[in-house]
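Descriptive structure summary
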Amino acid sequence: MQSVALAVPAFTLPEIGQACGGGFFSGVIVQEGKRYMLITAGREHELEGEWGEYGTKIEGADSFTDGRANTEAMAAAGSELAQQVLALAIGGYNDWAIPARDQQELQYRNLKPTSRENYCWNRDGDNPNSQPIGLLYTPESPTKTTVGAFREGGSEAFQPSWYWSSSQRSANYAFLMNFGDGGQNLSAKLNELRVRPVRSELIID
């Protein structure tokens, strides 16, 4: 008797902004050759504070894709903001992190709250670790999100202001992003800025 191979249904990604995994699906990030769903926490879970440890180069907080590893390194070095994020338990999940630089870019690209022209300078929008690969911004692209709750004034919308990433640049500076116009830059770690936590789920095809 011949055995019959059963077809395994292909994994279907949620829609951008769809509730899942304790937050909202924000896109796909590639890390070490594996694909992960990026999930953004709701606005009620935003935090604000200093990146922390100004003047100290923290080992293990330099990844552009692994916000969890960055955040754990920050917390171990004494960052109160990172410690607060690691203590979060949302929707039954406790693996939240400050987004790494390319995770944060994906948040903006897919959940941009405003209709402002995008800031276009240097590497703004360039994201080789997202799927599809992110290209340099133009004034018109990306456009304002179609997800109503994440549009400016919506219940889950990002504020049109600066948010920390967990990606460190040096002993004194870390990367950040403006969710009003998409500008990506550096700021001194002692400045107090917002954080919108994220978590990742491995996609098993």
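What comes next concerns the included structure. (Residues numbered from 1 in each chain as written. Predicted model: local features only at pLDDT ≥ 70, side-chain atom pairs only at ≥ 80, totals over all residues. Heavy atoms only, no water.)

Taken together, Glu48, Glu50, Glu80 and Glu192 make up a surface patch of like negative charges. Tracing the sequence through the fold places Glu80 in helix α2 (residues 80-86). Looking at Glu80, the relative accessible area reads 59%, which means it is exposed. (Patch = residues over 30% accessible without salt bridge, like charges linked within 9 Å, V, L, I, M, F, W, Y side chains within 5 Å. Areas by Shrake-Rupley, 256 points an atom, 1.4 Å probe, with all protein chains shown as cover. Salt bridge = Lys/Arg side-chain N within 4 Å of Asp/Glu carboxyl O. Lys, Arg positive; Asp, Glu negative; His and termini not counted. Charge placed at Lys NZ, Arg CZ, Asp CG, Glu CD. Helix = DSSP H or I, 4+ residues; strand = E, 2+ residues; numbered from the N terminus. Buried < 20%, exposed > 50% of the residue type's maximum accessible area, 1.4 Å probe, protein only.)

As a further point, take the environment of Pro14. Structurally, Pro14 can be placed in the segment before β1 (19-20). Sequence separation between Pro14 and Met37 is 23 residues; the distance between their C-alpha atoms is 9.2 Å. In contact with Pro14, not counting residues within four places along its chain, are Cys20, Phe25 and Met37. (Contact = heavy atoms within 4.5 Å.)

Another point: the pattern of salt bridges. The tally for this structure, following the rule as stated, stands at 9 salt bridges. A salt bridge links Glu72 to Arg68; the nearest nitrogen and oxygen atoms lie 3.0 Å apart. With Glu72 and Arg68 both in helix α1 (residues 67-77) and 4 residues apart, the pair spans about one turn of that helix. Owing to a relative accessible area of 40%, Glu72 belongs among the partly exposed residues under this scheme. Glu201 is paired through a salt bridge with Arg199; the nearest N and O atoms lie 2.6 Å apart. On the basis of relative accessibility, which here comes to 22%, the residue Glu201 falls in the partly exposed class. Here the salt bridges do not stand alone but share partners, grouping Glu46, Arg194 and Arg196 into one network.

Ranked by internal contacts, the top residues of the largest apolar core, which has 26 residues, are Trp51, Val85, Trp96, Ile98 and Trp164. Among the elements of the structure, β2 (23-31), β3 (34-40), α1, α2, β7 (173-178) and β9 (192-195) are those that each provide at least two residues to this core. Ignoring any residue separated from it by four or fewer positions in sequence, one finds Trp51 in contact with Ile58, Ala61, Met74, Ser79, Leu81, Trp164, Ser165, Ser166, Gln168, Ala174, Lys189 and Asn191. In terms of nonpolar packing, the next biggest core, distinct from the first, is built from 10 residues, Tyr108, Tyr137, Tyr163 and Phe179 among them. (Core = buried A, V, L, I, M, F, W, Y, C linked by side-chain atoms within 4.5 Å.)

What follows concerns the side chain of Ser167. Of note, Ser167 is situated in strand β6 (residues 162-168). Residue Ser167 is classed as buried on the basis of its relative accessible area, which comes to 0%. Setting aside its immediate chain neighbours within four residues, Ser167 contacts Ala61, Ser63, Phe64, Asn70, Ala100, Arg101, Ala174 and Phe175.

With that settled, consider the side chain of Glu46. Along the chain, the position of Glu46 falls in the loop between β3 and β4 (47-50). In this structure Glu46 comes out as buried when scored by relative accessible area, which is 14%. Within polar-contact distance, the side chain of Glu46 engages the side chain of Arg196 at 2.9 Å. Those residues in contact with Glu46 that lie beyond four places of it in its chain are Phe158, Tyr163, Arg194, Val195, Arg196 and Pro197. (Polar contact = N/O pair within 3.5 Å; in protein donor to acceptor, adjacent residues only side chain to side chain.)

When you line up the elements, Gly92 lands in the loop between α2 and α3 (101-111). Given a relative accessible area of 79%, Gly92 falls into the exposed group.

Turning next to unusual backbone geometry. Across the chain, the bulk of peptide bonds are trans and the bulk of non-glycine residues have phi less than zero. For the bond from Gln131 to Pro132, the omega torsion is 0°, close enough to zero to count as cis. Inspection of the secondary structure assignment puts Pro132 in the loop between β5 (130-131) and β6. A cis amide bond links Ser141 with the next residue in sequence, Pro142, at an omega value of 10°. Relative to the assigned elements, Pro142 resides in the loop between β5 and β6. Notably, Glu32 is not glycine yet its phi reads approximately 50°, a positive angle. Positionally, Glu32 belongs in the loop between β2 and β3. According to the relative accessible area criterion, Glu32 is exposed, its value standing at 78%. Located in the positive-phi region is Asn122, a residue other than glycine, with phi close to 55°. You can see Asn122 is positioned in the loop between α3 and β5.

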